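Listed below are the residues making up each chain.
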Amino acid sequence: MTELDTRPVAPAPEEPLSLPLTTPTLPRWAPALAAVVSVALAALVGMIGGLGLVPTVLLAWVLVVLALPAWSQAVEGRRKSVDRLATTLVWSTFAVALIPLVSLVYEVVSNGVGVLSAQFFTFDMRGVLGEGGGIYHALMGTLIITALATVISVPIGVLAAIYLVEYGKGNRLARTITFLVDVMTGIPSIVAGLFAYALFALIFGPSVRFGIGGAVALSVLMIPTVVRATEEMLKLVPDELREASYALGVPKWRTIVKVVLPTAVAGIATGVTLAIARVAGETAPLLIIVGTTTTVNFNPFDGRMATLPVFIYSSVTTGGRYDAEQLERAWGAALVLVAIVMLLNLLARAIGTYFAPKSGR
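For the protein chain, the name recorded in an unreviewed UniProt entry is Phosphate transport system permease protein PstA, with Nocardioides perillae as its organism. Under the UniProt heading Sequence similarities (unreviewed entry), the entry covering the protein chain gives this text: "Belongs to the binding-protein-dependent transport system permease family. CysTW subfamily."

Here it is in structure tokens:
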């Protein structure tokens, strides 16, 4: 008789579940492809429907905003789709913000580059009617007045910031100075010009016009920027550096000069350079207290001086038979002024990079 094996059969071992380590993702060129297809579809609809440039661009943008997140939703999932939607919106706002800047640079360069020449930089406007002349007198006036404003503003601004950070420490005088600096930051430039004119008119009479008055007016606008920039940079200096210097017996003033200021010099120099760029293009205060002239004047303490902003204003607003030539010179002066401001901003970046604390030592 055969015996049956009634022992339970062990179940076969289950195969381990294999979970994917990566999720499907769109290729790197997916945004570019979505943009190209959206622009092509918008252009096709625009040609068929007779749409203008602006409606066509808006239609292309709407298609990109809808198409790319929808494609991502189908392939990558909801989380990645929302991320791509947010990225598209951020890039869109960045492009919108660039439109005024690009259009401004294009207009200034296209209209002003044709008038640039050696004569334009080396001649003034004395006795010039129609063609000819240049901006030498205005360029020298801008450089002289801005340099004087810097000489006035930088020591006052830096010393005021040193007091607020190193000595004031929130006392009543420091709070009052901070409040006044905040108020001065929002003062319109024409008010600064009126202040300088009233100040010097009390001393020299109502017909006073000279370059030092413009430097004082610009310094009123420049000092708050210098104070704020220097104050923030001094606050970033670690207290450990000050305490280590005090522990060695170094007096406070020498600690500020030898430790604090060298550590913050990069940010201070950057703030000062940006403040110079901010006041270099001011027109209203210079028009009130400095006036304008057609000849070069190197003496800021005697007589009117020409500056680039006022030269541009006068060239545009003065009518007559030679409007075309005056407008060309105004565009050329505007291009030079924009180039000066751009160079000052680049100089600020270079100074910040050069004087920044070196790491890896």
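Now that the structure is up, let's keep going.
## Topic: the packing of helix 7 (residues 189-204) against helix 8 (residues 211-235)
The geometry of helix 7 relative to helix 8 is characterised by a closest axis approach of 8 Å and an angle of 135° between their N-to-C directions. Classified by the angle between their axes, helix 7 and helix 8 sit oblique to one another. Pair helix 7 / helix 8 crosses with right-handed handedness. Facing helix 7, whose interface residues are Ser189, Ala192, Gly193, Phe195, Ala196 and Phe200, helix 8 presents Gly213, Val216, Ala217, Val220 and Leu221. Looking at side-chain class alone, the contact of helix 7 with helix 8 contains eight nonpolar, three polar and no charged residues.

## Details of the environment of Gln73
When you line up the elements, Gln73 lands in helix 2 (residues 53-75). Placed eleven residues apart in sequence, Gln73 and Arg84 show a C-alpha to C-alpha distance of 9.6 Å. Beyond its immediate sequence surroundings of up to four residues, Gln73 is in contact with Arg78 and Ser81.

## Overview of the pattern of salt bridges
Enumeration over the complete set of coordinates arrives at seven salt bridges. Note that Asp182 and Arg228 form a salt bridge whose closest N and O atoms lie 2.5 Å from each other. Taken together, the positions of Asp182 in helix 6 (residues 172-185) and Arg228 in helix 8 put the pair 46 residues apart, joining distant regions of the chain. Of the residues examined, Arg228 reaches a relative accessible area of 25% and is grouped as partly exposed. For Glu231, the salt bridge goes to Arg228, with nearest N and O atoms at 3.0 Å. Of this pair, Glu231 and Arg228 are both found in helix 8, three residues apart, which corresponds to roughly one turn of the helix. The class of Glu231 is buried, set by a relative accessible area of 5%. Where salt bridges share partners, they join Asp182, Arg228, Glu231 and Lys235 into one cluster.

## Points about a nonpolar patch on the surface
A cluster of nonpolar side chains, namely Trp91, Phe94, Leu98, Leu101, Val102, Val105, Val109, Val113, Leu116 and Phe121, defines an oily patch on the protein surface of about 870 Å² accessible area. When residues in the nonpolar patch are grouped by element, the largest group, seven residues, is from helix 3 (residues 78-112). Judged by relative accessible area, which is 36%, Val109 ranks as partly exposed.

## Description of the nonpolar core
If you look at the biggest cluster of nonpolar residues, it comprises 55 residues, and the most contacted ones within it are Ile135, Ile145, Leu234, Leu308 and Val336. Elements with a contribution of two residues or more to this core: helix 5 (136-168), helix 7, helix 8, helix 10 (252-280), helix 11 (284-289), helix 12 (308-317) and helix 13 (323-355). Not counting chain neighbours up to four residues away, the residues in contact with Leu234 comprise Ala161, Ile162, Val165, Arg242, Val260, Leu261, Ala264 and Ile268.

Rules and cut-offs
- Residues numbered from 1 in each chain as written.
- Predicted model: local features only at pLDDT ≥ 70, side-chain atom pairs only at ≥ 80, totals over all residues.
- Heavy atoms only, no water.
- UniProt positions renumbered as here; feature names shortened; annotations may be inferred.
- Axes fitted to C-alpha atoms, helices over the stretch in contact; angles between N-to-C directions.
- Helix = DSSP H or I, 4+ residues; strand = E, 2+ residues; numbered from the N terminus.
- Parallel < 35°, antiparallel > 145°, perpendicular 65-115°, else oblique.
- Left-handed = near helix turned anticlockwise from the far one by under 90°.
- Contact = heavy atoms within 4.5 Å.
- Nonpolar A, V, L, I, M, F, W, Y, C, P; charged D, E, K, R; others polar.
- Salt bridge = Lys/Arg side-chain N within 4 Å of Asp/Glu carboxyl O.
- Buried < 20%, exposed > 50% of the residue type's maximum accessible area, 1.4 Å probe, protein only.
- Patch = residues over 30% accessible without salt bridge, like charges linked within 9 Å, V, L, I, M, F, W, Y side chains within 5 Å.
- Areas by Shrake-Rupley, 256 points an atom, 1.4 Å probe, with all protein chains shown as cover.
- Core = buried A, V, L, I, M, F, W, Y, C linked by side-chain atoms within 4.5 Å.

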